[in-house]
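Listed below are the residues making up each chain.
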Amino acid sequence: MQKFPEWVTEYIAEWKRRLYLQEWEIATVLSAHPNGDGSRETNACVELHLDVLQATLEIRDDIPASLDGVDPDTARDWKKIIVHELLHIRVARMITILTTDILPELAPQANSLTHRWLEHEEELLVQIMAQALIDLTEDG
Ligand SMILES: [Zn+2]
């Protein structure tokens, strides 16, 4: 089994601190098919257990073992993927409270529509923030 890249462990630790995620226990695993969807499209995904503040970050196994000699754009893309998943953890409490406590108070159709809208907005927010944060911290 492929060894988990040390730079990724260090990078996650650095961003846990930056995003105030220290209370979370984040396990990391390499996978041929993150999300279990059988495709190589998904770069990474995160499974959350908010009640115990535990998350498993699954990263596709073609992430470079080291950044030495890696094309800067490729390195930057992988860093953005990691920050993206950590941002999902950052907003998990807000999203979970909304979807489990607040949305069910709505009529079923409104609940379902709002749920989809919220998922879309979360993804957009996380994408934009990951890009902005990587841009701001570049050299990465
Ligand atoms: Zn996402």
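Residues numbered from 1 in each chain as written. Predicted model: local features only at pLDDT ≥ 70, side-chain atom pairs only at ≥ 80, totals over all residues.

Draft legend 1. Spotlight on the overall build of the protein chain. Check the secondary structure of the protein chain and you find four helices and three strands. Listing the helices and strands of the protein chain from first to last along the sequence gives α-β-β-β-α-α-α. Each principal axis of the C-alpha atoms in the protein chain carries an extent, and together these give about 55 × 35 × 25 Å. Scored against the burial criterion, the 140 residues of the protein chain give a buried share of 17%. The long-range share in the protein chain, meaning contacts at least 24 apart out of those at least 6 apart in sequence, stands at 66%. (Helix = DSSP H or I, 4+ residues; strand = E, 2+ residues; numbered from the N terminus. Buried ≥ 20, exposed ≤ 12 C-beta atoms within 10 Å, placed from the backbone. Contact = placed C-beta atoms within 7 Å.)

Draft legend 2. Representation of the sheet that holds strand 1 (residues 25–31) in the model. Read from one edge of the open sheet, three strands run 1-3-2, paired in mixed fashion. Each edge of the open sheet carries a strand with a single partner, namely strand 1 and strand 2 (44–49). Strand-to-strand twist in this sheet, taken as the mean axis angle between neighbours without regard to direction, amounts to 20°. Against the sheet, helix 1 (residues 6–18) makes contact with strand 1 and strand 3 (54–60), and its axis sits at roughly 145° relative to strand 1, the strand it touches most. Packing against the sheet, helix 2 (residues 72–90) makes contact with strand 2 and strand 3, and its axis sits at approximately 20° to strand 2. (Pairing = 2+ DSSP bridges. Axes fitted to C-alpha atoms, helices over the stretch in contact; angles between N-to-C directions.)

Draft legend 3. Structural detail: the nonpolar core. Counting 18 residues, the largest nonpolar core has A55, L57, I59, I82, V83, L86 and I89 as its most contacted members. Mapped by element, the contributors of at least two residues to this core are helix 1, strand 2, strand 3 and helix 2. Those residues in contact with I82 that sit more than four places away from it in its chain are V8, Y11, I12 and W15. (Core = buried A, V, L, I, M, F, W, Y, C linked by C-beta atoms within 7 Å.)

Draft legend 4. Region of the structure containing unusual backbone geometry. Even without glycine at this site, Y20 takes up a positive phi of about 55°. Among the secondary structure elements, Y20 is positioned in the loop between helix 1 and strand 1. Phi at L53 takes a positive value of approximately 55°, unusual for a residue other than glycine. Positionally, L53 belongs in the loop between strand 2 and strand 3.

Draft legend 5. Broad picture of the environment of N43. Relative to the elements of secondary structure, N43 occurs in the loop between strand 1 and strand 2. For the pair N43 and A32, spaced eleven residues apart in sequence, the C-alpha to C-alpha distance is 9.4 Å. The contacts of N43, once residues within four sequence positions are left out, are P34, R60 and I81.

Draft legend 6. Summary view of helix 2. Between its first and last C-alpha, helix 2 extends 26 Å over 19 residues, near the 27 Å set by a 1.5 Å rise per residue. Within helix 2, the full set of buried residues consists of W78, K79, I81, I82, V83, H84, E85, L86, L87, H88 and I89. (Expected span 1.5 Å × (residues − 1).)

Purely spatial values, then, with no claim about function.
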